[in-house]
Amino acid sequence: MAIVEDKSFKYPAEDECLVRRLGSGVIAAWPSLPPEARAKILEQAQVAWDREHSISKLPAKLEAIIKRRN
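Residues numbered from 1 in each chain as written. Predicted model: local features only at pLDDT ≥ 70, side-chain atom pairs only at ≥ 80, totals over all residues. Heavy atoms only, no water.

Undergrad: Just checking my understanding: could you explain the pattern of salt bridges for this structure?
TA: Two side chains carrying opposite charge are able to pair once their charged atoms lie near each other. For the coordinates displayed, the defined rule picks out two salt bridges. Ionic pairing is found between arginine 20 and glutamate 16, a salt bridge with its closest N-O pair at 3.8 Å. With arginine 20 and glutamate 16 both in helix α1 (residues 16–29) and four residues apart, the pair spans about one turn of that helix. The salt bridge partner of glutamate 43 is lysine 40, with a shortest N-O separation of 3.5 Å. Of the two residues, glutamate 43 and lysine 40 both sit in helix α2 (residues 35–47), three residues apart, roughly one turn of that helix. (Salt bridge = Lys/Arg side-chain N within 4 Å of Asp/Glu carboxyl O. Helix = DSSP H or I, 4+ residues; strand = E, 2+ residues; numbered from the N terminus.)

In structure tokens:
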């Protein structure tokens, strides 16, 4: 599985529903992803652009949402 290079991904408001769906797909597929892919996804999620700039305890919250689903 190829790992994507670091890039800042910004999206217009009208694409937010698509980004949410992709995120939901990643969470659903999480158990079958290789550990290095999981680590890269979490790394990128922590630096991704979002309208909410400062989220306290972001790494722990990202892991918690994955654990709740899986």
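Undergrad: Is there a simple way to explain the packing of α2 against helix α3 (residues 58–69) in this structure?
TA: Pairs of packed helices are described in terms of their axes, by the angle between the two and the distance that separates them. In contact at an axis separation of 10 Å, α2 and α3 are set at 130 degrees when each is read in the N-to-C sense. By the criterion of interaxial angle, the relationship of α2 to α3 is oblique. Where α2 crosses over α3, the two elements pack in a sense that is right-handed. Here Leu42, Ala45 and Gln46 of α2 come into contact with α3, specifically with Leu58, Pro59, Leu62, Glu63 and Ile66. Here the residues of the contact of α2 with α3 sort into six nonpolar, one polar and one charged. (Axes fitted to C-alpha atoms, helices over the stretch in contact; angles between N-to-C directions. Parallel < 35°, antiparallel > 145°, perpendicular 65-115°, else oblique. Left-handed = near helix turned anticlockwise from the far one by under 90°. Contact = heavy atoms within 4.5 Å. Nonpolar A, V, L, I, M, F, W, Y, C, P; charged D, E, K, R; others polar.)

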